[in-house]
Amino acid sequence: MWAGRVLHATLSRAPRGSRAQSALAQLRGILEEELESIRGAGTWKSERVITSCQGPHIHVEGAPGGIINFCANNYLGLSSHPEVIQAGLQTLKEFGAGLSSVRFICGTQSIHKDLEAKIARFHQREDAILYPSCFDANAGLFEALLTSEDAVLSDELNHASIIDGIRLCKAHKYRYRHLDMADLEAKLQEAQKHRLRLVATDGAFSMDGDIAPLQKICHLASQYGALVFVDESHATGFLGPTGRGTDELLGVMDQVTIINSTLGKALGGASGGYTTGPGALVSLLRQRARPYLFSNSLPPAAVGCASKALDLLMESNAIVQSMAAKTLRLGHKPWVTSMSIRSGCDCSTVPQLPVTPSSCPQIPQSDGGCWLHHLRSQSPHLPCDAG
């Protein structure tokens, strides 16, 4: 006790500046140790600086010539589509750079409502709500919808944003083995004691190209009185005959209750995410979803780009079919023979092409004299040599 009083008196007399410096030095030590552990685990992530528009051919700082880009989620090439760019410029000119407000104060423009209505029509749902990203959509959904009376059943390989969103809610949490319908059924049986049961899954799992077996999931959900949520971020715009996603691909659009997806991949690639589903759910999210209530409105230019991207998809399925044809053609290239083209769930309509460093670490002088450069399509949290 005496020693404690002496130490307290000594610290009290110490200059505040030196104590602050000591705390900062301690922080630096902790941070450096953590950074070194990331390097040691092989999960360090470096950023390449692109000096051109996003597209299939790009220029990267420090790399001579062009590079063939398989790393982006620009599935349909709309990030640099001239009509999408022009729509963004026009919307920027008419509606300004931003709203400087959240939606419910003074941050809702006619273009936001128009895009939400267009998203709902595209997915054949009652209503939709915009977020700054799909990560925010996932962060907002589960906490607003589910209570301690409810249960959520999640695929073990769901995206990090789904996992984090589920962590925020008070519902009972069940995790079933990846794509394992027997395990999901066992978990659904166990969850019968709860008020609501929500099965949550990615539609397309981006790391391996797996497609969720939505027909079986929806059958089990109907059998055990559960709702179905699907994150379609890696499916919207290009999976299914008209690009509506995995629920269209597998013929269960009328059985999936809630869809979350992104505007930052196939639909122009700018920014934004959304939830679409029952009108009453969307109304509740406008009242309670914290990422919606406390984030600035989506910038007008991003809204304009996404709206035009949806127009292009709804006018014709030519873009969707073009991507499918290009993927199949790519599979016959001699330098792709070491890769696997997957078509998850025996669906060959639009195969997926997962690429990892081990399958093609560096392939010089490929098509067009460009470089296929250091591709990575596995989890950023896994070491480079992980399977």
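Everything numeric in this text was worked out from a predicted model, so none of it was measured.

> Is there a simple way to explain the overall build of the protein chain in this structure?
Scanning the protein chain from N- to C-terminus turns up 14 helices and 13 strands. Expressed as a percentage of the 387 residues in the protein chain, the buried residues total 45%. Across the protein chain, contacts joining residues at least 24 apart in sequence account for 65% of those joining residues at least 6 apart. If you sum the accessible surface of the protein chain, you get close to 19400 Å²; carbon and sulfur atoms cover 55% of it.

> Any chance you could explain a nonpolar patch on the surface here in plain terms?
A contiguous nonpolar surface patch, about 240 Å² in accessible area, is contributed by Leu24, Leu27 and Leu31. With respect to the secondary-structure elements, Leu27 resides in helix α2 (residues 16-41).

> What is the right way to look at the sheet that holds strand β5 (residues 172-176) in this model?
In a beta sheet, neighbouring strands are held together by backbone hydrogen bonds and run either parallel or antiparallel to one another. An order of β3-β11-β10-β9-β6-β4-β5 is seen for the 7 strands of this open sheet, with the pairing classed as mixed. Unpaired on one side and paired on the other, β3 (127-131) and β5 mark the two borders of the sheet. Strand-to-strand twist in this sheet, taken as the mean axis angle between neighbours without regard to direction, amounts to 20 degrees. By the bridge criterion, 5 bridges tie β3 to strand β11 (residues 273-277) in an arrangement that is antiparallel. Paired with Ile129 across the strands is Thr275, a residue of β11. Set on the sheet, helix α8 (residues 181-190) makes contact with β4 (151-155), β5 and β6 (197-202); between it and β5 the angle comes to about 160 degrees.

> How should I be thinking about the nonpolar core in this particular structure?
The nonpolar side chains of a soluble globular protein tend to be buried, and buried together. The biggest cluster of nonpolar side chains holds 55 residues, and the ones touching the most others in it are Leu184, Ile217 and Leu263. Of all the elements, helix α13 (residues 300-315) adds the most residues to this core, at 8 residues. Excluding anything up to four places from it in sequence, Leu184 contacts Leu153, Tyr176, Val199, Ile217 and Leu220. Membership of the second largest hydrophobic core comes to 23 residues, among which are Ala137, Ala144, Leu146 and Ile162.

> Quick question: what am I supposed to make of the environment of Leu285 here?
With respect to the secondary-structure elements, Leu285 resides in helix α11 (residues 279-288). Relative accessible area serves as the criterion here: at 0%, Leu285 is assigned to the buried category. Counting along the chain gives 156 residues from Leu285 to Ile129, while the straight-line C-alpha distance between them is 7.9 Å. Excluding residues within four positions of it along the chain, Leu285 makes contact with Ile129, Tyr131, Gly140, Leu141, Ala144, Thr275 and Tyr292.

> For this particular structure, what's the right way to read the pairing of β4?
The two faces of the sheet receive side chains in turn, since in a regular strand these alternate between them. Counting buried residues in β4 gives 5 out of 5 residues, a clear majority hidden from the surface. Burial along β4 is two-sided: Ala151, Leu153 and Asp155 and Val152 and Ser154, pointing in opposite directions, are all buried. Of the strand pairs in this sheet, β4 and β5 are connected by 5 bridges, and their pairing is parallel. Of the residues in β5, the one forming a bridge with Val152 is Lys173. What joins β4 to β5 is helix α7 (residues 160-168), and the crossover it makes is right-handed. Of the strand pairs in this sheet, β4 and β6 are connected by 4 bridges, and their pairing is parallel. Residue pairing for β6: Ser154 is matched across the bridge by Ala200.

> How should the packing of aromatic side chains be read in this particular structure?
Aromatic rings in a pair are described by how distant their centres are and how their planes are angled relative to each other. Throughout the structure, instances matching the rule amount to 3 aromatic pairs. Their ring planes at 40 degrees and their centres at 4.1 Å tell us that Tyr75 and Phe238 sit as a pair that is tilted. Taken together, the residues Tyr75 in the loop between β2 (67-68) and α3 (82-95) and Phe238 in the loop between β9 (227-231) and α10 (246-249) connect sequence positions 163 residues apart. Overall, Tyr75 belongs to the partly exposed group, its relative accessible area being 23%. Given a relative accessible area of 0%, Phe238 falls into the buried group.

> Hey, could you run me through the packing of helix α5 (residues 110-123) against α13 in this one?
Each pair of packed helices can be summarised by the angle the axes make with each other and by the distance between the axes. It is at 10 Å that the axes of α5 and α13 come closest, and there the two elements cross at 30 degrees. As summarised for this structure, α5 and α13 are arranged roughly parallel, according to the angle between their axes. For the pair α5 and α13, the sense of crossing is left-handed. On α13, the residues that touch Ile111, His112, Leu115, Lys118, Ile119 and Phe122 of α5 are Pro300, Val303, Ala306, Ser307, Leu310, Asp311, Leu313 and Met314.

> I tried to follow the pattern of salt bridges on my own but got confused; where do I start?
Working definition: two side chains of opposite charge can pair if their charged atoms are close together. All chains considered together, the criterion is met by 11 salt bridges. A salt bridge links Asp183 to Lys187, with the shortest nitrogen-to-oxygen separation between them at 2.8 Å. Of this pair, Asp183 and Lys187 both sit in helix α8, 4 residues apart, roughly one helical turn. One exposure class covers both Asp183 and Lys187, and it is buried.

> Which parts of the structure should I look at to understand the packing of helix α6 (residues 134-145) against α7?
Between α6 and α7, the least distance of the axes is 7 Å, while the angle of their chain directions is 30 degrees. Of the possible angle classes, the one that applies to α6 and α7 is roughly parallel. Our pair here, α6 against α7, has a crossing hand that is right-handed. Note on element contacts: α7 touches α6 through Ser161, Ile162, Asp164, Gly165, Ile166 and Leu168, opposite Phe135, Asn138, Ala139, Phe142 and Glu143. Here the contact of α6 with α7 is built from residues that sort into 6 nonpolar, 3 polar and 2 charged.

Calculation notes
- Residues numbered from 1 in each chain as written.
- Predicted model: local features only at pLDDT ≥ 70, side-chain atom pairs only at ≥ 80, totals over all residues.
- Heavy atoms only, no water.
- Helix = DSSP H or I, 4+ residues; strand = E, 2+ residues; numbered from the N terminus.
- Buried < 20%, exposed > 50% of the residue type's maximum accessible area, 1.4 Å probe, protein only.
- Contact = heavy atoms within 4.5 Å.
- Areas by Shrake-Rupley, 256 points an atom, 1.4 Å probe, with all protein chains shown as cover.
- Patch = residues over 30% accessible without salt bridge, like charges linked within 9 Å, V, L, I, M, F, W, Y side chains within 5 Å.
- Salt bridge = Lys/Arg side-chain N within 4 Å of Asp/Glu carboxyl O.
- Pairing = 2+ DSSP bridges.
- Axes fitted to C-alpha atoms, helices over the stretch in contact; angles between N-to-C directions.
- Core = buried A, V, L, I, M, F, W, Y, C linked by side-chain atoms within 4.5 Å.
- Right-handed = clockwise from strand over helix to strand, strands pointing away.
- Phe/Tyr/Trp six-rings, centres within 6.5 Å; stacked < 30°, edge-to-face > 60°.
- Parallel < 35°, antiparallel > 145°, perpendicular 65-115°, else oblique.
- Left-handed = near helix turned anticlockwise from the far one by under 90°.
- Nonpolar A, V, L, I, M, F, W, Y, C, P; charged D, E, K, R; others polar.

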